[in-house]
Amino acid sequence: MLQFDENGIAMIVLGVESSCDETGLALYDTEGGLLAHALHSQIAMHQEYGGVVPELASRDHIRRAIPLLQQVLEQAKLPRTGIDAIAFTQGPGLAGALLVGASVACGLGMALNKPVLGIHHLEGHLLSPLLASKPPEFPFIALLVSGGHTQLMRVDGVGQYTLLGETLDDAAGEAFDKSAKLLGLSYPGGPAISRLAEFGDPAAYTFPRPMLHSKDLNFSFSGLKTSVLTVVKQTAANSANICEQDKANIARGFVDAIVDVLVAKCVTAMKQSGLKRLVIAGGVGANQQLRAALNAAAAKKRFQVFYPELEFCTDNGAMIAFAGAMRLKKNPAAATFDYAFNVRPRWPLHELLAA
């Protein structure tokens with residue numbers, strides 16, 4: 001059972017993340033902070049196929065979950081009975097992958113008679129910057145750029161989220177991956193195209209900045225991806241092969257375009273809200289070009305910008321353990337002893353906003 005003291009709830013939460021191609025487990029103590037975390041990435045396995053193969057991902061989660069559990073328990077010097085509650089990614093994500101994490105969490109909960117709690121994957125990302133050594137205070141504006149999601153939100157507290165704008169088609173992460181594939185880069189495409197862009201000429205190609213001057217905070221990146229496709233085809237038609245410098249120039253033009261849009265929307269959101277703290281969460285938050293541009297904009301417009309630690313930008317168990325702990329601290333009744341689990345591969349964002 002969860003333990004209460006004069007300051008609220010003191011507990012150690014196990015977090016289990018298995019939504020896609022990373023298996024992550026972590027232990028978070030509401031008094032002592034992050035005790036331990038371990039992560040296994042499946043990148044090497046999926047590179048051969050140019051993307052995530054759901055069945056292979058699910059099978060690998062099965063192989064990795066229990067050894068990673070033992071690893072974090074040993075790292076924290078904690079017996080299994082020292083776990084007070086278990087949080088797991090309930091969705092969104094790959095159905096089979098989610099089922100592995102849910103079954104591990106609920107099976108362990110039943111064996112130990114500990115409560116379990118399903119966490120929205122995006123909430124884990126949204127709160128991950130709070131794990132940093134210098135976390136932001138509420139309220140703040142958050143740019144969530146993770147995989148198939150790109151949203152701007154106002155965050156007034158745990159569970160207090162207001163959607164300000166979102167992508168109308170491809171998300172930023174999808175545009176990175178798809179454009180990288182057009183250039184023949186290996187999986188995962190986002191980091192690969194960003195590295196290549198460092199060697200490109202910024203004046204070689206100027207791609208459109210979709211919705212840059214719209215009067216709202218929404219995004220659209222499908223057209224940008226199509227522009228990259230058009231340039232790649234034209235370049236290939238004029239030469240037997242696209243040389244590496246052409247690829248770097250295209251990559252640079254693409255990255256500059258997407259960064260310009262993200263930064264501009266963030267600056268507009270800060271101005272409209274009147275807030276002085278901006279948080280970046282999700283895998284694209286690790287992009288060095290985006291960080292440099294946001295830092296420059298923050299210095300010019302006089303607001304602060306916060307990022308997750310690089311190890312917590314991608315999917316990880318620490319963000320799920322932390323989100324679970326914060327949810328339980330706010331509402332201890334959120335956890336359940338009903339171990340008949342279910343997963344939500346398509347968990348609408350509006351339900352998180354209303355939670």
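The structure displayed is predicted, hence computed values, not measured ones.

Thresholds applied
Residues numbered from 1 in each chain as written. Predicted model: local features only at pLDDT ≥ 70, side-chain atom pairs only at ≥ 80, totals over all residues. Heavy atoms only, no water. Helix = DSSP H or I, 4+ residues; strand = E, 2+ residues; numbered from the N terminus. Buried < 20%, exposed > 50% of the residue type's maximum accessible area, 1.4 Å probe, protein only. Contact = heavy atoms within 4.5 Å. Phe/Tyr/Trp six-rings, centres within 6.5 Å; stacked < 30°, edge-to-face > 60°. Pairing = 2+ DSSP bridges. Axes fitted to C-alpha atoms, helices over the stretch in contact; angles between N-to-C directions. Core = buried A, V, L, I, M, F, W, Y, C linked by side-chain atoms within 4.5 Å.

Caption draft 1: Highlighting the environment of Phe138. Within the fold, Phe138 resides in the loop between helix H4 (121–127) and strand E8 (140–146). The exposure class of Phe138 is partly exposed, given its relative accessible area of 31%. For the pair Phe138 and Gln234, spaced 96 residues apart in the sequence, the C-alpha separation amounts to 48 Å. Ignoring any residue separated from it by four or fewer positions in sequence, one finds Phe138 in contact with Leu130, Val155, Asp156, Gly157, Val158 and Arg277.

Caption draft 2: Molecular detail of the packing of aromatic side chains. Summed over the entire model, instances satisfying the criterion amount to five aromatic pairs. Aromatic pair Tyr28 and Phe322: ring centres 5.1 Å apart, planes at 85°, arrangement edge-to-face. In this pair, Tyr28 sits in strand E4 (residues 22–29) while Phe322 sits in helix H10 (residues 317–330), placing the two residues 294 residues apart along the sequence. Comparing Tyr28 with Phe322, the two get one shared label, buried.

Caption draft 3: How the structure looks around the sheet that holds strand E12 (residues 304–306). Read across the open sheet, the five strands follow the order E10-E9-E8-E11-E12; overall the sheet is mixed. At either end of the open sheet lies a strand with only one pairing partner, and these are strand E10 (160–166) and E12. If you compare each strand with its neighbour and ignore which way they point, the axes differ by 25° on average. As paired strands, strand E9 (residues 149–157) and E10 are joined by six bridges and run antiparallel to one another. Each bridged residue has a counterpart across the sheet, and for Val155 the counterpart in E10 is Tyr161.

Caption draft 4: Geometry of the nonpolar core. Counting residues in each nonpolar core, the largest one holds 46 residues, and the members touching the most others are Phe221, Phe254, Ile258 and Leu278. Sorting the residues of this core by element identifies E8, helix H5 (172–182), helix H6 (189–197), helix H7 (222–237), helix H8 (244–273), strand E11 (277–281) and helix H9 (288–301) as the ones contributing at least two each. Among the nonpolar cores identified, the runner-up in size contains 36 residues, and Phe322, Met326, Leu349 and Leu352 belong to it.

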